[in-house]
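These are the residues of each chain, in order.
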Amino acid sequence: MPRFSDQELGMGRKITRRDFLDGVAVTAAGAAAATVLPGAAQAAPAAHGQGQHKRNAPYPPTQTGLRGQQPGAYDVAHAVRDGDFEAGLITDTHESYDLVVVGGGLSGLAAAYLYRKHAGPRVRVLVLDALDDFGGHARRNEFHVGRTLLLSNGGTVNIDTPSSWSSEARDLLTKDLGVDLKALAATVKSNAYAPYSLRSATLFTAERWGKDHLVTREPGESWASYAAKLPMSAASRSALVRLNTTTEDFYPGLTDAQKKEILARTPYETYLREKVGLDDDALEIVKRGTNGLWGVNVDRVAAADAWATGQPGFGGLGLTDDPWPGAGFTPLMSLKETEEDGNFYFPEGNASIARLLISKLVPDAFDVRRPDWREIVTAKADYSRLDEPDNRVRIRLSSAAFEVRNDGRHGVVVAYSKGGRSYRVKAKGAVMACWNSVTSYLVPELPDEQVTAMRYGVKVPLVYARVALKDWRPFAAARVSRVSTPSGFFSSFGLPTVTEIGDFAMPHRPELPTVVSLSATPNSPRLVCREQHKAGRRQLIRMRFEDFEREIRDSMARSLADHGFDPARDITAITVNRWAHGYAYEYNSLDDPALFLPESERPYVKARRPVGRIAIANSDAQAFGYTHAAFDAAYRAVAELV
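Residues numbered from 1 in each chain as written. Predicted model: local features only at pLDDT ≥ 70, side-chain atom pairs only at ≥ 80, totals over all residues. Heavy atoms only, no water.

Regarding the sheet that holds strand 6 (residues 125–128)
Then comes step 1: Taken together, 5 strands build an open sheet; the order of strands is 11-6-5-15-23 and the sheet is parallel. The open sheet has two edge strands, strand 11 (393–396) and strand 23 (614–616), and neither has a second partner. Each neighbouring strand pair of the sheet contributes to a mean axis angle of 15 degrees, computed without reference to strand direction.
Then comes step 2: Across 3 bridges, the pairing between strand 15 (residues 430–432) and strand 23 is parallel. Looking at the pairing, Val431 lines up with Ala615 of strand 23. (Pairing = 2+ DSSP bridges. Helix = DSSP H or I, 4+ residues; strand = E, 2+ residues; numbered from the N terminus. Axes fitted to C-alpha atoms, helices over the stretch in contact; angles between N-to-C directions.)

As structure tokens, then:
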């Protein structure tokens, strides 16, 4: 239970999100506009008029409340899945395209771009997406606190390990989109907070530890010194010290390959308990260390994968970087990291990449024609231009496909729902760049084996919450930059990475506004990963915006109230990016026997086979939730059609 009352937390306080009911704008005009012909209305009005550009176009990045996969975005897909969808009268738009892309995330936008690159600029492409913003999980969150612009990622964060990318994916990023990786890395100001001597901290909550404790760790402080501060037994503290300092070989006499074979079959939690000696209290503060990569705790991550991604406890094993049977894709990518890999980060995450793709597809979409990678961050997008009739590429948002089928006369026929009405378009081909599970219900011609393969993977549920503050003086007073909250709903919260790129500079003085990031990956420990993800998804779909808001305010107040933080006074806006269907499912050696089989026999490979003039993209098709996987899937799908 929260320690503070709703009144103390400011739950009754009017902030930006109060113009929304669970993130959906409450305006009759917005509802009416969505029922007219396709392309007439792309989204609900933006909060308080922020981001209103020419033609009074809506601007989704500034909308607050419950975002990500916003309320209503699932309705058509769920109804199709359950056999309850009623299309009613389907209006033929009389539109004919060379390609229809179902899904406007990075894979779908890349497929649209690559198709035009190969087939020529005169071809006509339609991109449909059920969400009210483009980019899919590459989402931009934009806040305006007074005259200060704040940006944050609402989904995918950074450009990870480009040295491991395929040449095609890397060329798309660096040559076609023009991103200078070395220069991008230089925009991150890693020493921006140095003058304030900030530290990391952990909140030990009263429900689990008897009373609330905020325990800080000084830079360079030894584990023995830090552990002595923790509210747990001497045995638990000793185990944590051992975890982070051990040089013991727990498998003496075994070869590198033999050790990895054991670790690939051993849950990381089992390793921590049996080899390192962690008890329940010690595990409580480290169990979520694997959440950010896999969405599950240490109970369902293989110890070998944990080692390869830098988790502690393996200092004495002497393992090499050689791969092993059953290695996960993320661990293998981590082991390939080279000196050229750095912190490649846009202030809005990889939403900048989505915006660069849009600028190539719809050149008039921004106030800067074809902005470069620096200009894209502050370029103003006019969403009314995305679906104009004269566009060679049309981006049609809030449009959920409900059937995609081959047609001998036209190539492909795509039916979709927008604003409660049903429409039909024709094309020479289609790329299904939405989730595999959705595709399995939308394409009736799929063979049973392929349908089963498509439904094997389960998207990782996650939440990225973003909180705009009028200033961050309480952080400075507490001398903390990030607080881990291992027993709360959210795993942590912290100050943003400081970047200076183009005309944008993230404020980093305590008296200036900032945006705080929180993350959560709901799961259900002890189940296999896919079942944990399903359980987490059910939890997220049931939660209201107020539930997230209360957790946010309570967590921050418990940690920083003693240092002057007042959630009712200091919070100016909250955006909760709810991704009940988040990252692509990545196979692991504990739960996915197919990982030990040749790649051609794995479900994700069987799932991506083209059907007639319908090709399959999305990172699901690679079983790898990264930007370059989305690009690779787009390359393959387009090659199957051109």
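The structure having been displayed, the exposition proceeds.
Points about the pattern of salt bridges
Then comes step 1: The full count for this structure, using the stated rule, is 49 salt bridges.
Then comes step 2: We note a salt bridge from Glu388 to Arg385, for which the minimum N-O separation is 3.9 Å.
Then comes step 3: Judged by relative accessible area, Glu388 falls into the buried class, the value being 19%.
Then comes step 4: Between Asp547 and Arg544 there is a salt bridge, with its nearest N and O atoms 3.3 Å apart. (Salt bridge = Lys/Arg side-chain N within 4 Å of Asp/Glu carboxyl O. Buried < 20%, exposed > 50% of the residue type's maximum accessible area, 1.4 Å probe, protein only.)

Regarding the sheet that holds strand 22 (residues 571–583)
Then comes step 1: On the basis of which strands lie adjacent, the open sheet formed by 8 strands has the order 3-22-16-21-18-17-9-10 and mixed pairing. Whereas interior strands pair on both sides, the edge strands pair on one side only; in this sheet they are strand 3 (65–68) and strand 10 (213–217). On average, each strand axis in the sheet is inclined to that of its neighbour by 20 degrees, with strand direction left out of account.
Then comes step 2: With 4 bridges connecting them, strand 3 and strand 22 associate as parallel partners. Each residue of the ladder has a partner; that of Gly68, found in strand 22, is Arg578.
Then comes step 3: Lying over the sheet, helix 21 (residues 545–560) contacts strand 3, strand 9 (199–204), strand 10, strand 16 (460–469), strand 17 (480–484), strand 18 (492–494), strand 21 (514–520) and strand 22, oriented at roughly 120 degrees with respect to strand 22. (Contact = heavy atoms within 4.5 Å.)

Side note on the packing of aromatic side chains
Then comes step 1: Throughout the structure, instances matching the rule amount to 23 aromatic pairs.
Then comes step 2: Each ring, one from Phe329 and one from Tyr604, has its centre 6.1 Å from the other, and the planes form 90 degrees; the classification is edge-to-face. Within this pair, whereas Phe329 is found in helix 15 (residues 329–335), its partner Tyr604 is found in helix 23 (residues 603–607), the two being separated by 275 residues in sequence.
Then comes step 3: Look at Tyr604 and you get buried, because its relative accessible area is 3%.
Then comes step 4: An aromatic cluster of at least three residues, connected via ring pairs, comprises Phe329, Tyr456, Tyr585, Tyr587, Tyr604, Phe624 and Tyr626.
Then comes step 5: Above the face of the Phe596 ring, Arg265 is positioned so that its terminal group lies 3.9 Å from the ring centre.
Then comes step 6: If you follow Arg455 out to its NZ or CZ, it ends over the ring of Tyr441, 3.8 Å from the centre. (Phe/Tyr/Trp six-rings, centres within 6.5 Å; stacked < 30°, edge-to-face > 60°. Lys NZ or Arg CZ within 6 Å of the ring centre and 35° of its normal.)

A closer look at the pairing of strand 12 (residues 400–407)
Then comes step 1: Here strand 12 runs beside strand 13 (residues 411–418); their pairing, made up of 7 bridges, is antiparallel. By the bridge assignment, Ala401 is partnered in strand 13 with Tyr416.
Then comes step 2: From the end of strand 12 to the start of strand 13, which pair antiparallel, there are 3 residues.

Digging into the side chain of Thr499
Then comes step 1: Residue placement: Thr499 occurs in the loop between strand 18 and strand 19 (500–501).
Then comes step 2: When sequence neighbours within four positions are dropped, the list of residues in contact with Thr499 reads Thr187, Val188, Tyr345, Pro347, Phe504, Ala505 and Met506.

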